[in-house]
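Chain by chain, the residues:
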Amino acid sequence: MTDTVLFSFAEDETLGASLCNLTGAEHGAWEHHRFPDGESLVRLDTDVSGKHVMILCSLLEPDRKILPLLFLADTARELGAKRVGLVSPYLAYMRQDIRFHDGEAITSRIFAALLSRHVDWLVTVDPHLHRYHSLDEIYTIPSLVVPAAPTVAEWIRKHIGNPLLVGPDEESEQWVGEVAAKAEAPFIVLRKTRHGDRDVSVSAPDADAYRDRVPVLVDDIISSARTMATTTRQLLAQGFRPPVCIGVHGIFGEDGFGTLKAAGVERILTCNTLPHETNAIVLDAPLAEAIKHIIAGYGTAA
Ligand code: R5P
């Protein structure tokens, strides 16, 4: 992909370098200057004329990243880029998919419409699809989803003997079920009640037959980590061994990481969609394949 340039946001530089190695794209140089008043100046230092441009930006803390991202995308196009795609391993604003309370914004729709106006395509990893079945319900651009399940299952097969996969809530069933099938392990799904952002309760597992197995909690997002911490305490109270906790996207907001460690887990690991010390499951290769696939669909920089 010699006619392709990838611009990484600062936090995503390591993944960006790896994706350039795997795809043959040029790692573009750009500057993001923040003025004292909080406004941004974006400058592209790599020629993009006639090229296919990709922006790598994992969208944790999206409010601070979205404007520089749109400035970068629009400027690349003004400077002659043929296409501008977004590689966002963690896609933000997917959880507010209905109006939970009167007057609330359905931010998933608004955010998707905004991005769809500024980039030509999107590659992401396991977006939080709950009430939406596909990104196509809210994004009007072509998108490709990289599933973490095959790589997560491979890690479990290699590292854990006799696992029992555990999903902390009904929403996690789609991930835990797929990982369990690929890891050839049994799974159970618990019921979660959310009382507030940092307050959840989880049903007791009804899984006596599996008590000798190593519980492996699997969820798409670890945010405050209260879901995983509460599930861990519930499993320990029922006589299970300390669980291994696997999150596709490890946000660990506030004291999330400490909270989860303190709950008595055996190990915490995440995919490298958001840089964190728990990143043990590396998705560079499937991400690179998805990028090559989506760009191939456009022909040569056309
Ligand atoms: C929610 O529905 C997701 O699948 C996760 O279960 C949730 O985001 C975890 O949040 P927290 O870590 O804050 O409990």
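Residues numbered from 1 in each chain as written. Predicted model: local features only at pLDDT ≥ 70, side-chain atom pairs only at ≥ 80, totals over all residues. Heavy atoms only, no water.

Asker: Any details on the overall build of the protein? Residues and values, ideally.
Answerer: Helices and strands together make up the secondary structure of the protein, namely 8 helices and 16 strands. In terms of overall dimensions, the protein is globule-like: its C-alpha atoms have a radius of gyration of 20 Å, near the 19 Å expected for 302 residues. Its C-alpha atoms put the protein at 65 × 45 × 35 Å along the principal axes. Here the protein, with 302 residues, has 53% of them falling under the buried criterion. Considering only residue pairs separated by 6 or more positions, the protein has 64% of its internal contacts joining residues 24 or more positions apart. If you average the places of the 28 positive and of the 41 negative side-chain charges in the protein, the two averages end up 2 Å apart. (Helix = DSSP H or I, 4+ residues; strand = E, 2+ residues; numbered from the N terminus. Rg over C-alpha atoms; globule rule 2.2 N^0.38 Å. Buried < 20%, exposed > 50% of the residue type's maximum accessible area, 1.4 Å probe, protein only. Contact = heavy atoms within 4.5 Å. Lys, Arg positive; Asp, Glu negative; His and termini not counted. Charge placed at Lys NZ, Arg CZ, Asp CG, Glu CD.)

Asker: Residues and numbers for helix H2 (residues 62-78), please.
Answerer: In this model, H2 (17 residues) spans 24 Å end to end at C-alpha, consistent with the 24 Å of a helix rising 1.5 Å per residue. Residues Pro62, Lys65, Ile66, Pro68, Leu69, Leu70, Leu72, Ala73 and Ala76 constitute the buried set of H2. Its buried side turned inward, H2 meets strand S1 (4-8), strand S3 (30-34), strand S4 (40-44), strand S5 (52-56), strand S6 (83-88) and helix H3 (107-118). Following H2 by one or two positions, Gly80 adopts a phi angle in the positive range, close to 105°. (Expected span 1.5 Å × (residues − 1).)

Asker: An account of the pattern of salt bridges is needed here, citing residue identities and associated values.
Answerer: This model, assessed by the stated rule, comprises 14 salt bridges. Here Glu11 ties to Lys65 by a salt bridge, and the two come within 3.3 Å at their closest N and O atoms. One end of the pair, Glu11, is in the loop between S1 and helix H1 (13-23); the other, Lys65, is in helix H2, and 54 residues separate them in sequence. The exposure class of Glu11 is partly exposed, given its relative accessible area of 41%. Overlapping salt bridges bring together Glu11, Glu61, Arg64 and Lys65 as one network. (Salt bridge = Lys/Arg side-chain N within 4 Å of Asp/Glu carboxyl O.)

Asker: Explain the sheet that holds strand S7 (residues 121-125) residue by residue, including any values.
Answerer: Through backbone hydrogen bonds, the strands of a sheet pair up, either in parallel or in antiparallel fashion. The strand order across the open sheet formed by 6 strands is S2-S1-S5-S6-S7-S8, and the pairing between neighbours is parallel. Where the open sheet ends on each side, the last strands, each with one partner, are strand S2 (26-27) and strand S8 (143-146). In this structure, S1 lies alongside S5, joined through 5 bridges in parallel fashion. Looking across to S5, one finds that Phe7 is bridged to Ile55. (Pairing = 2+ DSSP bridges.)

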